[in-house]
Amino acid sequence: MTQPLQFFQYENGILSSENVSLATIAQKIGTPVYIYSAEGFLTPFREFSEGLSEFNHLICFALKSNSNLSILRLLAQEGAGMDLVSGGELYRAEKALVSAEKIVFSGVGKTAEEMQQGLNYHGTGIYSFNVESIPELKLLNEVALNMNRKAPVALRFNPDVDAKTHPYISTGLKKNKFGISKSEVLEVIRSLDQLKGIHLKGLSIHIGSQLLSLAPLDDAFGRLEELLCALDQKLKSPLEFIDLGGGIGITYRDEKTPPIQKYCKLIKKHFGKRLKAPSQLKILIEPGRTLSGNAGVLVSKIIYRKQRRSKDFLVIDAAMNDLIRPALYESYHEIVPIHEKHLLPKVKTNIVGPVCESSDCFASDRPFPAHADQGELVAILSAGAYGFSMSSTYNSRPRPAEVLIQKGRFQVIRSRETWEDLIRGED
Ligand SMILES: *Cc1c(COP(=O)(O)O)cnc(C)c1O
């Protein structure tokens, strides 16, 4: 799995990607700025593609992890589909010209309007609504019937396994709000005849995010397999696909993460027979962080070194509104100086943002170069997933710019927000 500095390296002493210096970008575009490497997205994408090449498969990027239009286009051009969770994300996918037959719509709270939007996507409608409850299925049935359509559906099965990840990003337990139980799936199957607006095409699962072991997935895949067997006799027409969700972890610090090849082998172990002809079951996966996490960094400038008796604080110009993961999940991000010469010696440092919250802290008691001072640049690594997409304008801080490095060049893919952007719609 990807590493924090896999797609960014020191070249001539300056942190760079494909010979493009991050210091140059910071100078031209200002800070804070998100900088992405196109190869960072494409490398793991291709690895999944290869691992699943013997099967009829579709890799749907979970666009909530990074929803910039240029990133969506980049992945769509490689053949990616999209997994989305809101009408706004549907709008983004449509703008990025992602084909309708490559879109799955997940989420526990789809509204009637979002269902209509999905059914109207590019005229033909999306590939599948991954339905998470029986009331949702009933509403979707009504919406589709009113449009004289049949809605393509996968039922999101909650396999009740513990993903052993942060409780906020664990989704596959019975106590979580996601998906429906085995008995509910069977109940739905029995009532399919009454749901004339529903075309049941598949089953989906997604047990959580940042999984550091394949064991919970092994368990979940096994339960899905059992459910598939139970359905074999009960279904009038066979399922078209199974969707195995996302969630494989990446390295933020020194975690050992499951290799993509092993993950693909696990899929083969459980579903290999079903995926091969004649049943031709199609396999979908929904990686988000795995594709985007280590493809991006957040570059920021040191505003002050504030010396305290016990330790030093570095106040930087990025804050929790730009990257909320440390404040929200106490998650670890590696932070490095952009100029390699500043690497040593190190002292224990707290690296914090300017926002008026004590949780606005990117690192506590972190050994950090003692000479890094006012005006110098740092990169917060592994910021490509759930970074910009979770950003806000808290403290009336305009959102940062986003830049993409591709084929040895860089390009602004979202301009920095302005103060006018901050008050739009208020007057
Ligand atoms: C968030 C989400 C994903 C992606 O999760 P990652 O951990 O980023 O891979 C996939 N599927 C669904 C249904 C999700 O909600």
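In this text, all values refer to a predicted model and were calculated from it rather than measured experimentally.

Details of the packing of helix α4 (residues 87–95) against helix α5 (residues 112–120)
- Direction vectors running N to C along α4 and α5 enclose 20°, while the axes themselves pass 10 Å from each other. Classed by the angle they form, the pair α4 and α5 counts as roughly parallel. The hand of the α4/α5 crossing is left-handed. Counting all contacts with α4, which are made through G87, L90 and Y91, the residues of α5 involved are E114, Q117 and G118.

Section: helix α1 (residues 22–29)
- By the burial criterion, the buried members of α1 are L22, A23, I25 and A26. In an axial view of α1, the angular spread of the buried residues amounts to 160°, which keeps them on one side of the axis. Exposed residues pointing more than 90 degrees away from the buried face of α1 are listed as Q27 and K28.
- Capping the start of α1, S21 holds a side-chain oxygen 3.1 Å from the backbone nitrogen of A23, two or three residues further along.
- Within two residues after α1, G30 carries a phi angle of roughly 90°, on the positive side.

Brief notes about the packing of aromatic side chains
- Applying the stated criterion to the full structure yields eight aromatic pairs.
- Aromatic pair F48 and Y263: ring centres 5.8 Å apart, planes at 80°, arrangement edge-to-face. Here Y263 lies in helix α9 (residues 260–275) and F48 lies in helix α2 (residues 38–51), a separation of 215 residues in the sequence. Here F48 and Y263 have matching classes, each one buried.
- An aromatic cluster is built from Y34, Y36, F41 and F388, whose rings are joined through pairwise contacts.
- Just above the ring of Y127 sits the side chain of K201; from NZ or CZ to the centre is 3.8 Å.
- Directly above the ring of Y127 sits K282, whose terminal nitrogen or CZ lies 5.0 Å from the centroid.

A closer look at the layout of surface pockets
- Of the volumes computed, that of the largest pocket is approximately 620 Å³.
- Around the largest pocket, the lining comprises 29 residues; the ones closest to its centre are K64, V85, F178, H206 and Y386.
- Mapping the lining of the largest pocket onto the domain boundaries places at least three of its residues in each of domain 1 (9–37 + 293–422) and domain 2 (99–287).
- What the second largest pocket holds in volume is close to 320 Å³.
- In terms of lining residues, the second largest pocket is bounded by 14 residues, among which L192, D193, I198, K236 and S237 are the most central.
- In terms of residue count, the dominant contributor to the lining of the second largest pocket is strand β10 (residues 198–204) (three residues).
- Grouping the constituent residues of the lining of the second largest pocket by class yields six nonpolar, two polar and six charged.

Some details on the sheet that holds strand β2 (residues 14–17)
- In space, the three strands of this open sheet follow the order β1-β2-β3, with antiparallel pairing throughout. Every interior strand has two partners, whereas the edge strands, β1 (9–11) and β3 (20–21), have only one.
- In the sheet, β1 pairs with β2 via three bridges, with the strands oriented antiparallel. Looking at the pairing, Y10 lines up with L15 of β2.

A closer look at the nonpolar core
- Counting 102 residues, the largest nonpolar core has L155, L244, Y263 and I267 as its most contacted members.
- Leaving out residues up to four positions away in the same chain, L155 has contacts with V131, L137, I180, V185, V188, L200, G202, L203 and S204.
- Residues L15, A23, V299 and I405 belong to the second largest nonpolar core, which totals 20 residues.

Here's the deal with the site of the ligand
- The environment of the ligand is formed by 14 residues, the closest being K64, S209, E286, R289 and Y386.
- In this structure, G247 approaches the ligand through a main-chain N or O atom, which is 2.8 Å from an oxygen atom.
- Protein contacts shield 94% of the accessible area of the ligand, which totals 380 Å² for the unbound molecule.
- For the shell around the ligand, the per-class residue count stands at three nonpolar, six polar and five charged.

Remarks on the pairing of β10
- With six of seven residues buried, β10 lies mostly within the body of the structure.
- Two strands pair when backbone bridges link them, and strand β9 (residues 151–156) and β10 are joined in this way by six bridges, in the parallel orientation. Within β10, the position partnered with V153 by the bridge is L200.
- Here three bridges tie β10 to strand β11 (residues 241–243), and the two strands are oriented parallel to one another.

Rules of the game
- Residues numbered from 1 in each chain as written.
- Predicted model: local features only at pLDDT ≥ 70, side-chain atom pairs only at ≥ 80, totals over all residues.
- Heavy atoms only, no water.
- Axes fitted to C-alpha atoms, helices over the stretch in contact; angles between N-to-C directions.
- Helix = DSSP H or I, 4+ residues; strand = E, 2+ residues; numbered from the N terminus.
- Parallel < 35°, antiparallel > 145°, perpendicular 65-115°, else oblique.
- Left-handed = near helix turned anticlockwise from the far one by under 90°.
- Contact = heavy atoms within 4.5 Å.
- Buried < 20%, exposed > 50% of the residue type's maximum accessible area, 1.4 Å probe, protein only.
- Arc of directions from axis to C-beta.
- Polar contact = N/O pair within 3.5 Å; in protein donor to acceptor, adjacent residues only side chain to side chain.
- Phe/Tyr/Trp six-rings, centres within 6.5 Å; stacked < 30°, edge-to-face > 60°.
- Lys NZ or Arg CZ within 6 Å of the ring centre and 35° of its normal.
- 1 Å grid on protein atoms, 1.4 Å probe; cavity = no way out; pocket = protein on both sides within 12 Å on 5 of 7 lines; lining within 4 Å.
- Points joined across faces, edges and corners; volume = space filled by probe spheres on them.
- Domains from an automatic or database assignment.
- Nonpolar A, V, L, I, M, F, W, Y, C, P; charged D, E, K, R; others polar.
- Pairing = 2+ DSSP bridges.
- Core = buried A, V, L, I, M, F, W, Y, C linked by side-chain atoms within 4.5 Å.
- Near = heavy atom within 4 Å.
- Areas by Shrake-Rupley, 256 points an atom, 1.4 Å probe, with all protein chains shown as cover.

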